[in-house]
Amino acid sequence: KRNYEKVNTDCRTILNNYSDSLQSGGVISKLYLADLRLDSSGNRISDLKSYLESLILNNNENELLIKQAFYYIQKCKVSLGDYASAMTGFQQIIDQNPYSYEGLVASWDYASASLLLNGQGGSGGGEKENFELGNAKENSKDNENFKMN
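Quick notes on the rules
Residue indices follow the written sequence of each chain, beginning from 1 at its first position. Under the rules for a predicted model, residues below a pLDDT of 70 receive no local features and side-chain atom pairs below 80 are neither given nor counted, while totals for whole chains, interfaces and linings still include all residues. The basis for the side-chain values is all heavy atoms of the structure; hydrogens and waters are excluded. Patch criteria: residues need more than 30% relative accessible area and no salt bridge. Like-charged residues are merged within 9 Å; nonpolar side chains of Val, Leu, Ile, Met, Phe, Trp and Tyr are merged within 5 Å. Only the protein chains shown count as covering a residue, and every accessible area follows the Shrake-Rupley method with a 1.4 Å probe. A pairing counts as a salt bridge when a side-chain nitrogen of Lys or Arg comes within 4 Å of a carboxyl oxygen of Asp or Glu. Think of it this way: any DSSP run of H or I at least four residues long counts as a helix, any run of E at least two long counts as a strand, and we number them from the N terminus. Lines fitted to C-alpha atoms define the axes, with helix axes restricted to the stretch in contact, and inter-axis angles between N-to-C directions lie between 0 and 180 degrees. What sets the label is the angle itself: under 35 degrees gives roughly parallel, over 145 gives roughly antiparallel, 65 to 115 gives roughly perpendicular, and the rest give oblique. Crossing handedness: left-handed means the near helix sits turned counterclockwise from the far one by under a right angle, and right-handed means the same turn made clockwise. In what follows, residue pairs with any heavy atoms lying within 4.5 Å of each other are defined as contacts. A helix is expected to reach a length of 1.5 Å times the quantity of its residues less one. We call a residue buried when its accessible area falls under 20% of the maximum for its residue type, exposed when it is over 50%, and partly exposed in between, using a 1.4 Å probe and counting protein chains only. Basically, the charged four are Asp, Glu, Lys and Arg, the nonpolar ten are Ala, Val, Leu, Ile, Met, Phe, Trp, Tyr, Cys and Pro, and anything else, Gly included, counts as polar. By nonpolar core we mean a set of buried residues, namely Ala, Val, Leu, Ile, Met, Phe, Trp, Tyr and Cys, connected to one another through side-chain atoms within 4.5 Å. Note on aromatic contacts: the rings of Phe and Tyr and the six-membered ring of Trp form a pair at centre separations within 6.5 Å, being stacked when their planes are under 30 degrees apart, edge-to-face when over 60 apart, and tilted otherwise. A positively charged side chain is recorded as over a ring if its NZ (Lys) or CZ (Arg) lies within 6 Å of the ring centre. The angle to the ring normal must also be within 35 degrees.

J.: Got a minute to help me understand a nonpolar patch on the surface in this structure?
T.: A grouping of Tyr101, Leu104 and Trp108 is seen on the molecular surface, where their side chains present a nonpolar patch of about 380 Å² in accessible area. Considering the arrangement of structural elements, one finds Trp108 in helix 6 (residues 101–117).

Printed below as a string of structure tokens:
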């Protein structure tokens, strides 16, 4: 079994004591995932968002750490249901990194938050099912045509 509490503690220790390390940016993703797994009421994610905001304020010289913290603040906002604010943050990341992997990932997260904001997130609903059935019908027609030829 995974020990998310230990991951949380270790990540915060690294960020508090070695925030100028090159590895500090990568620790934030692990911290986010650990808190996401442990969170049942939104309290942990809310605390993490505040922690990451203070991390940015206290480490204004570490660009990698700031970028990672800002990105995961947006992820926290999505987890807390603050979709519009998260979309604004993701758009800022896209604008600052238009031709990079960071911009691409932020665009995916923007699209995901947009769907959640518009009430289309979750299990997919009927549209996906109809789309898949439509594809199955098309595939069976293609198979029939293939057999005839």
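J.: Where do I start with the packing of helix 1 (residues 4–17) against helix 3 (residues 43–58) in this structure?
T.: Axes are the key here: two packed helices are described by the angle between their axes and the distance separating the axes. Helix 3 packs onto helix 1 with a crossing angle of 15° between their chain directions and a minimal axis gap of 12 Å. In terms of orientation, helix 1 lies roughly parallel with respect to helix 3. Regarding helix 1 and helix 3, the two cross each other, and that crossing is left-handed. Residue-level contacts link Glu5, Asn8, Arg12, Leu15 and Asn16 of helix 1 to Arg44, Leu48, Tyr51 and Leu55 of helix 3.

J.: Hey, could you run me through the pattern of salt bridges in this one?
T.: Here the idea is simple: oppositely charged side chains can pair when their charged atoms come close. Enumeration according to the criterion identifies seven salt bridges in this entry. Of the charged contacts, one joins Arg12 and Asp35 as a salt bridge, the two residues approaching to 3.4 Å between their closest N and O atoms. Of this pair, Arg12 sits in helix 1 while Asp35 sits in helix 2 (residues 24–38), and the two are 23 residues apart along the sequence. A salt bridge links Lys49 to Glu53; the shortest N-O distance between them is 3.0 Å. Of this pair, Lys49 and Glu53 are both found in helix 3, four residues apart, which corresponds to roughly one turn of the helix.

J.: Looking at this structure, I do not really get helix 4 (residues 63–79). What am I missing?
T.: A turn of α-helix holds 3.6 residues, and therefore any two residues three or four places apart point the same way. Here helix 4 is 17 residues long and its end C-alpha atoms lie 24 Å apart, about the 24 Å a rise of 1.5 Å per residue gives. Along helix 4, the residues classified as buried are Leu65, Ala69, Tyr71, Tyr72, Ile73, Gln74, Cys76, Lys77 and Val78. Among the structural elements, helix 1, helix 2, helix 3, helix 5 (83–96) and helix 6 are those in contact with the buried residues of helix 4. Gly81 sits one or two residues past helix 4 and shows a positive phi near 85°.

J.: How should the packing of helix 5 against helix 6 be read in this particular structure?
T.: Across the interface, helix 5 lies against helix 6 with an axial gap of 8 Å and an inter-helix angle of 160°. Classified by the interaxial angle, the pair formed by helix 5 and helix 6 is roughly antiparallel. As for how helix 5 packs across helix 6, the hand of that crossing is left-handed. Where helix 5 abuts helix 6, its residues Tyr83, Ala84, Met87, Phe90, Gln91, Ile93 and Ile94 lie against Glu102, Gly103, Ala106, Ser107, Asp109, Tyr110, Ala113, Ser114, Leu116 and Leu117. When the residues that make up the contact of helix 5 with helix 6 are grouped by side-chain class, the tally is eleven nonpolar, four polar and two charged.

J.: In this structure, what is going on with the environment of Leu104? I would like to understand it.
T.: Tracing the chain through its elements places Leu104 in helix 6. Accessibility expressed as a relative area gives 38% for Leu104, which makes it partly exposed. Sequence separation between Leu104 and Ile93 is eleven residues; the distance between their C-alpha atoms is 9.3 Å.

J.: Sorry if this is basic, but what is going on with the nonpolar core here?
T.: Across soluble globular proteins, nonpolar side chains have a tendency to be buried as a group. One finds Leu15, Ile28, Leu48, Tyr51, Leu52, Leu55 and Phe90 to be the most contacted residues of the largest nonpolar core, which totals 26 residues. Elements represented by at least two residues in this core include exactly helix 1, helix 2, helix 3, helix 4, helix 5 and helix 6. Once residues lying within four places of it in the same chain are set aside, the contact partners of Leu52 are Ile28, Ala69, Tyr72, Ile73 and Cys76.

J.: Help me out: how do you make sense of the packing of aromatic side chains in this one?
T.: Note on aromatic pairs: each is described by the distance of the centres and the angle between the planes. For the structure shown, the criterion picks out three aromatic pairs. Ring centres 5.3 Å apart and planes at 45° place the aromatic pair Tyr32 and Tyr72 in the tilted group. In this pair, Tyr32 is assigned in helix 2 and Tyr72 in helix 4, connecting sequence segments 40 residues apart. The aromatic ring of Tyr51 is capped on one face by Arg12, whose charged end is 4.4 Å from the ring centroid.

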